[in-house]
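# Analysis of the macromolecular model
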Amino acid sequence: MKIGILGGGQLARMLALAGYPLGLDFTVLEPAADACAAPLSRHIQAAYDDAEGLERLAAECELITYEFESVPADAVEKLDASLDVFPPPSALATARDRNHEKTLFNELGIETAPFAEAHDLRTLQLAVENIGLPAILKTRTLGYDGKGQQVIRPGDDLRSAWEAIGEVPAILEGLVDFEREVSIIAVRSVSGEMAFYPLAENVHEQGILRLSTCLHDDSHQPLAEDYVKRVLQRLDYVGVLAIEFFQVGSHLLANEMAPRVHNSGHWTIEGAETSQFENHLRAILDLPLGSTAPVAYAAMVNIIGELPDTRVFLGMKNAHLHLYGKAPRAGRKIGHVT
Ligand SMILES: Nc1ncnc2c1ncn2[C@@H]1O[C@H](COP(=O)(O)OP(=O)(O)O)[C@@H](O)[C@H]1O
Ligand SMILES: [Mg+2]
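Residues numbered from 1 in each chain as written. Chains lettered and ligands numbered in written order. Predicted model: local features only at pLDDT ≥ 70, side-chain atom pairs only at ≥ 80, totals over all residues. Heavy atoms only, no water.

### A look at the site of ligand 1
In the vicinity of ligand 1 there are 20 residues, among which K138, G146, E173, E181 and N255 approach most closely. One nitrogen or oxygen atom from the main chain of V176 is found 2.8 Å from a nitrogen atom belonging to ligand 1. At a separation of 3.2 Å, an oxygen atom of ligand 1 approaches a polar side-chain atom of H204. Calculation on ligand 1 without its partners gives an accessible area of 540 Å², and the protein chains cover 90% of this total. (Near = heavy atom within 4 Å. Polar contact = N/O pair within 3.5 Å; in protein donor to acceptor, adjacent residues only side chain to side chain. Areas by Shrake-Rupley, 256 points an atom, 1.4 Å probe, with all protein chains shown as cover.)

### What about a negative patch on the surface?
Taken together, the side chains of D49, D50, E52, E55, D74, E77, D80 and D84 make up a negatively charged region of the molecular surface. For the negative patch, the secondary structure elements donating two or more residues are α2 (51-60) and α3 (73-82). No other element matches the 3 residues that α3 contributes to the negative patch. Here E77 is to be found in helix α3. On the basis of relative accessible area, E77 is assigned to the exposed category, the value being 51%. (Patch = residues over 30% accessible without salt bridge, like charges linked within 9 Å, V, L, I, M, F, W, Y side chains within 5 Å. Salt bridge = Lys/Arg side-chain N within 4 Å of Asp/Glu carboxyl O. Lys, Arg positive; Asp, Glu negative; His and termini not counted. Charge placed at Lys NZ, Arg CZ, Asp CG, Glu CD. Helix = DSSP H or I, 4+ residues; strand = E, 2+ residues; numbered from the N terminus. Buried < 20%, exposed > 50% of the residue type's maximum accessible area, 1.4 Å probe, protein only.)

### What to know about the domain arrangement of the chain
Segmentation of the chain into domains returns domain 1 (2-85), domain 2 (114-174) and domain 3 (180-337). A straight line from the C-alpha centre of domain 2 to that of domain 3 covers 28 Å. Of the residues lining the interface, 4 residues belong to domain 2; the matching set on domain 3 comes to 6 residues. Across the domain 2 to domain 3 interface the summed buried area is about 340 Å²; carbon plus sulfur atoms make up 30%. Counting every contact that joins domain 2 to domain 3 gives 1 salt bridge. Notably, a salt bridge pairs K333 with D145, separated by 3.0 Å at the nearest N-O pair. Here domain 2 and domain 3 share 3 residue pairs in polar contact (both at pLDDT 80 or more) between them. Of the residues that constitute the side of domain 2 that touches domain 3, the class distribution is no nonpolar, 1 polar and 3 charged. (Domains from an automatic or database assignment. Contact = heavy atoms within 4.5 Å. Buried area = accessible area lost by both parts, 1.4 Å probe. Nonpolar A, V, L, I, M, F, W, Y, C, P; charged D, E, K, R; others polar.)

### Quick notes on the coordination of the magnesium ion (ligand 2)
Geometry sets the ideal angles at a metal, namely 109.5 degrees for four tetrahedral donors and 90 or 180 degrees for six octahedral donors. Of the protein atoms, only E244 (OE), E244 (OE) and E256 (OE) coordinate the magnesium ion (ligand 2), at distances of 1.9 to 2.8 Å. Here E256 lies in strand β15 (residues 251-258) and E244 lies in strand β14 (residues 239-248), a separation of 12 residues in the sequence. Judged by its relative accessible area of 11%, E244 falls in the buried class. (Donors = N, O, S within 2.8 Å, 3.2 Å for Na, K, Ca; no water.)

### Focus on α3
Along an α-helix, a turn takes 3.6 residues, which lines up residues three or four apart on a common side. When we look at burial in α3, the residues that qualify are A75, V76 and L79. Along α3, the residues classed as buried sweep out an arc of 95 degrees about the axis, all on the same side. Structural note: α3 exposes D74, E77 and A81 on the side pointing more than 90 degrees away from its buried face. (Arc of directions from axis to C-beta.)

### Thoughts on the confidence of the model for the chain
For the chain, the average pLDDT comes to 97, and 100% of its residues sit at 70 or higher. Helix α10 (residues 276-284) holds the highest mean pLDDT among the elements of the chain, 99, whereas α3 holds the lowest, 90. (pLDDT = per-residue confidence, 0-100.)

### Concerning the pairing of strand β2 (residues 25-29)
The element β2 is extensively covered by neighbouring structure, given that 4 of its 5 residues are classed as buried. Note that strand β1 (residues 2-6) and β2 share 5 bridges and pair parallel. The residue of β2 that forms the bridge with L6 is L29. What joins β1 to β2 is helix α1 (residues 10-19), and the crossover it makes is right-handed. (Pairing = 2+ DSSP bridges. Right-handed = clockwise from strand over helix to strand, strands pointing away.)

### With respect to the packing of α1 against α10
The description of two packed helices rests on the angle between their axes and on the distance between the axes. Viewed as axis vectors pointing N to C, α1 and α10 meet at an angle of 75 degrees, and their least axial separation amounts to 8 Å. When the axis of α1 is compared with that of α10, the two are roughly perpendicular. Where α1 approaches α10, its residues L11, M14, L15, A18 and G19 are matched on the opposing element by F277, E278, H280 and L281. Considered class by class, the residues forming the contact of α1 with α10 number 6 nonpolar, 2 polar and 1 charged. (Axes fitted to C-alpha atoms, helices over the stretch in contact; angles between N-to-C directions. Parallel < 35°, antiparallel > 145°, perpendicular 65-115°, else oblique.)

### Observations concerning the packing of aromatic side chains
Applying the stated criterion across every chain, the model contains 5 aromatic pairs. On the numbers, 5.1 Å between centres and 5 degrees between planes, the contact of F178 with F246 is stacked. One end of the pair, F178, is in the loop between β9 (170-174) and β10 (180-188); the other, F246, is in strand β14, and 68 residues separate them in sequence. Judged by relative accessible area, F246 falls into the buried class, the value being 9%. Look at Y227 and F245: their rings are 6.1 Å apart centre to centre, the planes differ by 35 degrees, and that puts the pair in the tilted class. Taken together, the positions of Y227 in helix α8 (residues 221-234) and F245 in strand β14 put the pair 18 residues apart, joining distant regions of the chain. Summarising the burial analysis for this pair, Y227 and F245 share the class buried. (Phe/Tyr/Trp six-rings, centres within 6.5 Å; stacked < 30°, edge-to-face > 60°.)

Following this line, the structure appears as structure tokens:
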């Protein structure tokens, strides 16, 4: 069975690593020549919207998935016309746009920070009047690792904030004074079987995830599962879905969702009975899902920007090193340790 993946970064690489024991093969469509999933797959080097590249991918593969939500909607629809694409393109369309995803959360009774849409300076002014300051201005699409975001504090110049995010369609949301950030990783198969990992507590710096700790029996687990279940069912979802929350008292405010395997679930490779990567593949292939139970206490630290002396980790009992084969660059995730 050959699975096609749009995107050839570390998430595709870890999907392939989880898939080979199940007898699967992988082809990635990825424009970068040095894609880190390339050594583990067949690499079609082409732009995501390249017609010929997409045709080759469709011809080679029986099933398509993706490792990031910014793949062009047209490309996904083109593939969806001839073979199954999971998670479903409608879920992708919702998750790639912050305004759509937050609107869906609220429709489903899931709390969020207050937010308002802004598509020019005038509507940004209105949004500020509605939401109040401090607030955070975020591009509706294409943001990741804190990119495309600008915090606005009382007295800040709105025009420079608008320019800082590139004057593109955006949302303004209230800055949340949260106690913790947590995320839930859930998975739903083609036949509708669902499973949920324990919550992870996440620490971000400059918008980039640094540390995820798997929580055991956290009191917010039932609410997080209830929320993510609503989304899975509404979107007739297939695959792994992650939702990031801000926790304030007994409330969980949904921040964003990712229609894919997620960095805050990397601990599951060694820390759970079945990893998020294997369960994503099981779900899209309509195989029974594996147990999401933790096998130990687990936490994951990202290696960002530069490579430390990795012998330190290898010398630590129960530490597991993952390097993605990527060239170090400021702000770039090049590996993790669980
Ligand atoms: N409304 C907010 N209030 C407080 N902190 C926020 C808010 N929005 C984002 N952040 C901080 O920035 C991080 C990245 O923002 P997020 O919306 O998750 O975008 P990205 O797509 O870059 O992950 C969050 O994990 C959180 O630490
Ligand atoms: Mg995020």
